[in-house]
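Listed below, chain by chain, are the residues.
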Amino acid sequence: MDVTVNETDGVLTATLSGRLDTAASARCSEELQPLFDHAGGAVALDCRELEFISSSGLRIFLSLLKEVNAHKGSLKILNMNEDVHNIFVLTGFAKRFNI
């Protein structure tokens, strides 16, 4: 699991690649800390290269969404592949997130 964080035009974007499973979730959560710190602004998760997300990965996404909502920021999920999107649909997360 790799996470790269970049800022462009005021939007802080984390690009996720690999598998966001239980083993990778603790490190991923740490690497996404800049997005939590920027929760009052615009943040995005680019999932173009995200191959899989487990329940612990979904928990990180949900925690970020709650933090962004609490600070009246915005969160978008970009470039989600069909497999990951299906997980979001099956879990009901597709209705909660701006994908």
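The rules behind these values
- Residue indices begin from 1 for each chain and proceed along its sequence in written order.
- Residue-level local features of this predicted model are given only where pLDDT is at least 70; pairs of side-chain atoms are given and counted only at 80 or more, and the full residue set underlies all totals for whole chains, interfaces and linings.
- No hydrogens and no water enter the side-chain calculation; it runs on all heavy atoms of the structure.
- Segments assigned H or I by DSSP are reported as helices when at least four residues long, segments assigned E as strands when at least two residues long, and all are numbered from the N terminus.
- The cut-offs for exposure are 20% and 50% of the maximum accessible area for each residue type, with area from a 1.4 Å probe on protein chains only; residues under the lower value are buried, those over the upper are exposed, and the others partly exposed.
- Here a residue-residue contact requires only that any non-hydrogen atoms of the pair lie within 4.5 Å.
- For every accessible area listed, the method is Shrake-Rupley and the probe measures 1.4 Å; residues are considered covered only by the protein chains on display.
- Think of it this way: Lys and Arg go in the positive column, Asp and Glu in the negative one, and His and the chain ends go nowhere.
- Just so you know, the charge point we use is NZ for Lys, CZ for Arg, CG for Asp and CD for Glu.
- We call a set of buried residues a nonpolar core when its members are Ala, Val, Leu, Ile, Met, Phe, Trp, Tyr or Cys and they connect through side-chain atoms within 4.5 Å of each other.
- For salt bridges, the criterion is a side-chain nitrogen of Lys or Arg within 4 Å of an Asp or Glu carboxyl oxygen.

J.: Explain the overall build of the protein to me, please; I cannot follow it from the model alone.
T.: When helices and strands are tallied, the protein shows four helices and four strands. Secondary structure elements of the protein, listed N to C terminal, follow the sequence β-β-α-α-β-α-β-α. Within the protein, the fraction of its 99 residues that count as buried is 40%. Considering only contacts in the protein between residues 6 or more positions apart, those separated by 24 or more positions represent 67%. Accessible surface, the protein as shown: approximately 5,400 Å² in total, 46% of it carbon and sulfur. In the protein, the 9 positive side-chain charges and the 13 negative ones have mean positions that sit 10 Å from each other.

J.: Is there a simple way to think about the nonpolar core in this case?
T.: Within the largest apolar cluster, 31 residues are counted, with the highest numbers of intra-cluster contacts made by Leu 16, Leu 32, Leu 45, Leu 50, Phe 61 and Phe 88. Per-element accounting of this core gives the leading share, seven residues, to helix 3 (residues 55-70).

J.: So what exactly am I meant to see when it comes to the pattern of salt bridges here?
T.: Side-chain pairing between opposite charges can occur once the charged atoms of the two side chains come close. Counted under the stated rule, the structure contains two salt bridges. Across the pair Glu 31 and Arg 27 runs a salt bridge whose closest N-O atoms are separated by 3.0 Å. Of this pair, Glu 31 and Arg 27 both sit in helix 1 (residues 22-31), four residues apart, roughly one helical turn. Owing to a relative accessible area of 37%, Arg 27 belongs among the partly exposed residues under this scheme.

By themselves, these are just geometric observations and shouldn't be taken as functional.
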